[in-house]
Amino acid sequence: MENPVKVVLFGLGPMGKLIAKGILEKKGIQIVGAMDIAKELSGKDVGQFLELGKNIGVTVTDNAEELLSNVKADIAIVATRSYLKDIYPTISLCVKNGISIISTCEELSYPYYKHPKLAVEIDELAKKHKVTVLGTGINPGYLMDTLPITLTGACQRVDNIKVTRMMDSSKRRIPYQKKIGTGLSPEEFRKMINEKKITGHVGLVESIAMIAAALGWKLDEIKEFAPEPVIADREIVTPFITVKPGQVAGLKSVAHGIRGGKPVIVLEFVSHAGVEEEYDAILIGGVPKIYEKIAGGVHGDIGTVAVVVNMIPKVLNAPPGLLTMKDLPLPSAVTEDMQTYLSSKVFSA
Ligand SMILES: NC(=O)c1ccc[n+]([C@@H]2O[C@H](COP(=O)([O-])OP(=O)(O)OC[C@H]3O[C@@H](n4cnc5c(N)ncnc54)[C@H](OP(=O)(O)O)[C@@H]3O)[C@@H](O)[C@H]2O)c1
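Bear in mind that the values here come from a model prediction, so they are computed numbers and not experimental data.

### Some points on the overall build of the protein
Then step 1. Secondary structure assignment for the protein yields ten helices and 16 strands.
Then step 2. In summary, the protein has a C-alpha radius of gyration of 20 Å against a globular reference of 20 Å for 349 residues, a match within 12%.
Then step 3. Projecting the C-alpha coordinates of the protein onto the three principal axes gives extents of approximately 55 × 50 × 35 Å.
Then step 4. Put simply, the protein has 349 residues, and 56% of those count as buried.
Then step 5. Put simply, 71% of the contacts in the protein that link residues at least 6 apart link residues at least 24 apart.
Then step 6. Side-chain charges in the protein split into 41 positive and 39 negative, and the spacing between the mean points of these groups amounts to 3 Å.

Encoded structure:
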């Protein structure tokens, strides 16, 4: 491979693992380092950890500073945490080492609403070190923000937007099923949500803020309602867990972007085991009215790997700073050697 894009991975949980596999399937890109705080992973070859049946010559470390002082990378893929304050140290370290970042951190997808000061700080740091930082994934990052924003491109007028995701959570990775409360009693669910022991879905507020910013709408407020448990009315056996009648099968999360006293952006995220019909639907009230429904929905984990990997060349070609999906060129699949999509930017040796 001539001058492949060099990637370091931060976070080798289920998502990081899938992303690593997704990268290894592509041409013109190479994993040069991997870091996770989990001590039990330290010292293992990434190939061994991914059960590829061969080593790839990259050993997982739990020491980020040491890793970055030993390897030269173009981009870091950070799949560690959902909240910006938790990933800030990793962002800061990578940026100061001249490495661009794509992260699945939900709050990084549009941090200007909840964390304006930190967002500006990251933007300035990235510009100073001439690198680009992006938070993305399937949701937030694509289905409930980038896609509806793109659809409004055919509208002369937009009055309101409603996006609904109806998803069978039983097909998703275990940490995801845990964070939406699968298998808990309704009381445990509410307690754990209140005590922030489970997060529910994170990202509706970020998606609304991104849509509003793209449309130039100044919202009165973004209202996120407490997630409601969806209770199983029958036994649901999933590949990972059996949910008994009366237990939590998943959740429904709703958020509104309010303008002129009216909910002009409505996001409904429903995810539970045993959903009857899976779909992703976008309804735009305006001229013309647009209704788009993806029958069967997009698998969240597969979609996240795809969005993260497909955005690598867009991020490497982008101007420095903290960017969001609405600021970058149209997302598109990387189907050829990664080099095909790169501008003349010079990469690290
Ligand atoms: N935007 C989207 O569409 C999207 C889609 C999928 C996932 N996500 C988000 O992506 C993140 C990763 O997902 P996951 O399911 O793989 O989560 P996970 O099961 O919590 O795995 C995260 C891994 O990263 C490790 N880690 C935590 N802090 C670290 C740090 N500072 N440096 C290096 N490693 C660190 C964790 O170690 P410990 O287990 O020891 O803490 C764990 O091994 C989650 O926040 C998830 O919500 C977003």
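Having put the structure on the table, let's press on.
### Here's the deal with the site of the ligand
Then step 1. Near the ligand lie 23 residues; those nearest to it are D36, S82, T104, E106 and R173.
Then step 2. One nitrogen or oxygen atom from the main chain of P14 is found 3.4 Å from an oxygen atom belonging to the ligand.
Then step 3. At a threshold of 2 Å from the grid points, most atoms of the ligand map onto the largest pocket.
Then step 4. Taken together, the elements giving at least two residues each to the shell around the ligand come down to α1 (14–24) and α7 (174–179).
Then step 5. Its residues assigned to classes, the shell around the ligand comprises eight nonpolar, ten polar and five charged.

### Some details on the pairing of strand β5 (residues 100–103)
Within a regular strand, the side chains alternate between the two sheet faces.
Then step 1. Burial of the side chains of β5 extends over both faces: S100 and I102 are buried on one face and I101 and S103 on the other.
Then step 2. Bridging between strand β4 (residues 75–78) and β5 involves four bridges; their strand directions are parallel. Bridge pairing links I77 to I102 in β5.
Then step 3. Crossover handedness for the path β4 to helix α4 (residues 84–96) to β5: right-handed.
Then step 4. Running through helix α5 (residues 116–128), the crossover from β5 to the neighbouring parallel element strand β6 (residues 132–135) is right-handed.

### Here we look at the packing of α1 against helix α10 (residues 300–317)
Then step 1. Direction vectors running N to C along α1 and α10 enclose 55°, while the axes themselves pass 9 Å from each other. With respect to each other, α1 and α10 are oriented oblique. You can see that α1 and α10 cross each other, and the crossing is right-handed. For the pair α1 and α10, the contacting residues are M15, L18, I19, G22 and I23 in the first and D301, T304, V305, V308 and V309 in the second.
Then step 2. When the residues that make up the contact of α1 with α10 are grouped by side-chain class, the tally is seven nonpolar, two polar and one charged.

### Here's the deal with the packing of aromatic side chains
Then step 1. Evaluated as defined, the whole model comprises one aromatic pair.
Then step 2. In this structure, K17 is placed above the aromatic ring of F49, and the distance from its NZ or CZ to the ring centre is 5.2 Å.
Then step 3. Lying over the aromatic face of Y176, R172 brings its terminal NZ or CZ to 4.2 Å of the ring centre.

### Let's talk about the pairing of strand β14 (residues 279–287)
Then step 1. The element β14 is largely enclosed, with a buried count of seven among its nine residues.
Then step 2. In terms of strand pairing, strand β7 (residues 157–168) meets β14 through nine bridges, oriented antiparallel. Looking at the pairing, I161 lines up with I284 of β14.

Procedures and definitions
- Residues numbered from 1 in each chain as written.
- Predicted model: local features only at pLDDT ≥ 70, side-chain atom pairs only at ≥ 80, totals over all residues.
- Heavy atoms only, no water.
- Helix = DSSP H or I, 4+ residues; strand = E, 2+ residues; numbered from the N terminus.
- Rg over C-alpha atoms; globule rule 2.2 N^0.38 Å.
- Buried < 20%, exposed > 50% of the residue type's maximum accessible area, 1.4 Å probe, protein only.
- Contact = heavy atoms within 4.5 Å.
- Lys, Arg positive; Asp, Glu negative; His and termini not counted.
- Charge placed at Lys NZ, Arg CZ, Asp CG, Glu CD.
- Near = heavy atom within 4 Å.
- Polar contact = N/O pair within 3.5 Å; in protein donor to acceptor, adjacent residues only side chain to side chain.
- 1 Å grid on protein atoms, 1.4 Å probe; cavity = no way out; pocket = protein on both sides within 12 Å on 5 of 7 lines; lining within 4 Å.
- Sits in = over half its atoms within 2 Å of the grid points.
- Nonpolar A, V, L, I, M, F, W, Y, C, P; charged D, E, K, R; others polar.
- Pairing = 2+ DSSP bridges.
- Right-handed = clockwise from strand over helix to strand, strands pointing away.
- Axes fitted to C-alpha atoms, helices over the stretch in contact; angles between N-to-C directions.
- Parallel < 35°, antiparallel > 145°, perpendicular 65-115°, else oblique.
- Left-handed = near helix turned anticlockwise from the far one by under 90°.
- Phe/Tyr/Trp six-rings, centres within 6.5 Å; stacked < 30°, edge-to-face > 60°.
- Lys NZ or Arg CZ within 6 Å of the ring centre and 35° of its normal.

Everything listed here is a matter of coordinates, which is why it stays silent on function.
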